[in-house]
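Here's the letter readout for the chains.
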Amino acid sequence: MNSFISPEDQALTERLLGDGYVIVPAESTADLQAIGGLCASVLGWPDLDATHEHVKPEELNDLKLRVMSALNLATWTRLAYFSLARSALYALIGNELAMQRKFNLNVQMPKDDKSLLPVHADTWTGDSPYQLVLWVPLTDCYRTKSMYFGPERKFLDVKYGEVLLFNSSIPHGNVVNEEATTRWTINCRFKSVWSPYAVKGPGEHFEPITLRAASRIGMDYKHPVAA
């Protein structure tokens, strides 16, 4: 049977549609290291896994706010983050993308019960069902140090150097980190520029990042009669 989609992209598509998520290698090691390095520079310690050895529980929220500010203010981080999964995003969403304007960060120290996300789906709070979440671990994430996904609450094993793309309409969340080291993860949403936005629309929440020439021409077009 003929297909307009390459075999590689079709295989990735079938995995996403079947499981609700895909885990693939990060496409740019240099960009992943740069993002992790920025976080470590705010922490003041190179090993993010050992955050709990340098930060008191009552200091964690302030640390997260400072790291999020650094990530969102830097001029290079959005392109670097996109570069971690460019091919997979093109394969699963398309090549005219809108990207969430700000990153979300989760830092969860061992035994921390104040950084929990109860079971939820993004569409329950006004997100578009046409989007995917790009979830990037800056430390190895496994068992309770990771997130659970789906009604069966399966914990996803995502190592540093891999990225997770998932359907945010499927319920997910996390629990108390019972492992010995600290979890660091960043997530950001991507969707087609031209797909429905639901409550969280373009401008405030999303920004087009890969508009192509024909779209730019069409957006600028004015019919002679109307003009």
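Cut-off values and rules
- Along each chain, residues carry numbers from 1 onward, in the same order as the chain's sequence is written.
- Reporting of local features is limited, given that this is a predicted model, to residues whose pLDDT is at least 70; pairs of side-chain atoms are given and counted only at 80 or more, and all residues count toward the totals for whole chains, interfaces and linings.
- Think of the side-chain values as coming from all heavy atoms in the structure, minus any hydrogens and water.
- When two rings of Phe, Tyr or Trp (its six-membered ring) have centres within 6.5 Å they constitute a pair, described as stacked for plane angles under 30 degrees, edge-to-face for angles over 60, and tilted for the intermediate range.
- We count a stretch as a helix when DSSP gives it H or I for four or more residues in a row; a strand needs E for two or more, and each element gets its number in order from the N terminus.
- Only protein chains enter the accessibility calculation, which uses a 1.4 Å probe; a residue whose area is less than 20% of its type maximum is buried, one above 50% is exposed, and one in between is partly exposed.
- Any Lys NZ or Arg CZ that is within 6 Å of a ring centre and within 35 degrees of that ring's normal is treated as a charge sitting over the ring.
- In the analysis that follows, any N or O atom pair within 3.5 Å is treated as a polar contact, provided that within protein one partner can donate a hydrogen and the other can accept it, and provided that, for residues neighboring in sequence, both atoms belong to side chains.
- We call two residues in contact whenever any of their non-hydrogen atoms come within 4.5 Å of each other.
- A pair of strands is labelled paired if DSSP reports no fewer than 2 bridges between them.
- With a 1 Å grid laid over protein atoms only, a set of points is called a cavity when a 1.4 Å probe fits there but cannot get out and a pocket when it is open yet has protein on both sides within 12 Å along at least five of seven lines; lining residues have an atom within 4 Å of a point.
- Grid points are joined across faces, edges and corners, and a volume is the space filled by probe spheres set on the points.
- We call Asp, Glu, Lys and Arg charged. Ala, Val, Leu, Ile, Met, Phe, Trp, Tyr, Cys and Pro are nonpolar, and the rest, Gly among them, are polar.

Draft legend 1. The packing of aromatic side chains, seen in detail. Within this structure, the stated rule accounts for seven aromatic pairs. Between the aromatic rings of Phe 149 and Phe 166, the centroid separation amounts to 5.7 Å while the plane-to-plane angle is 75 degrees, which identifies the pairing as edge-to-face. Here the residue Phe 149 occupies a position in strand S5 (residues 148–149), and Phe 166 occupies one in strand S7 (residues 162–167), the gap between them amounting to 17 residues. Of the two residues examined, Phe 149 and Phe 166, each falls in the buried class. Ring pairing ties together the aromatic residues Tyr 21, Phe 149 and Phe 166, which thus form one cluster. When the ring centre of Tyr 197 is taken as origin, the NZ or CZ atom of Lys 191, which lies over that ring, is 3.5 Å away.

Draft legend 2. Inspection of the side chain of Asn 177 at higher detail. Residue placement: Asn 177 occurs in the loop between strand S8 (172–173) and strand S9 (183–192). Asn 177 gets classed as buried once you look at its relative accessible area, which sits at 0%. A polar contact is formed between the side chain of Asn 177 and the backbone nitrogen of Glu 179, at a distance of 2.9 Å. Setting aside chain neighbours within four positions, we find Asn 177 in contact with Gln 108, Met 109, Pro 110, Lys 111, Asp 112, Thr 144, Lys 145, Thr 182 and Arg 183.

Draft legend 3. Summary view of the sheet that holds strand S6 (residues 154–155). Sheet architecture is open: three strands sit in the order S6-S5-S8, paired in antiparallel fashion. Single-partner strands in this sheet number two, and they are S6 and S8. Across two bridges, S5 lies against S6 in antiparallel orientation. Considered in S6, the bridge of Phe 149 is made with Lys 154.

Draft legend 4. Representation of unusual backbone geometry. Non-glycine residue Lys 111 carries a positive phi angle of around 70 degrees. Inspection of the secondary structure puts Lys 111 in the loop between strand S3 (104–108) and strand S4 (132–137). In this model, Arg 143 sits at a positive phi of 45 degrees, which is unusual for a non-glycine residue. For Arg 143, a relative accessible area of 54% puts it in the exposed group.

Draft legend 5. Local environment of the layout of surface pockets. Roughly 390 Å³ of volume is contained in the largest pocket. In terms of residue class, the lining of the largest pocket is built from nine nonpolar, nine polar and four charged.

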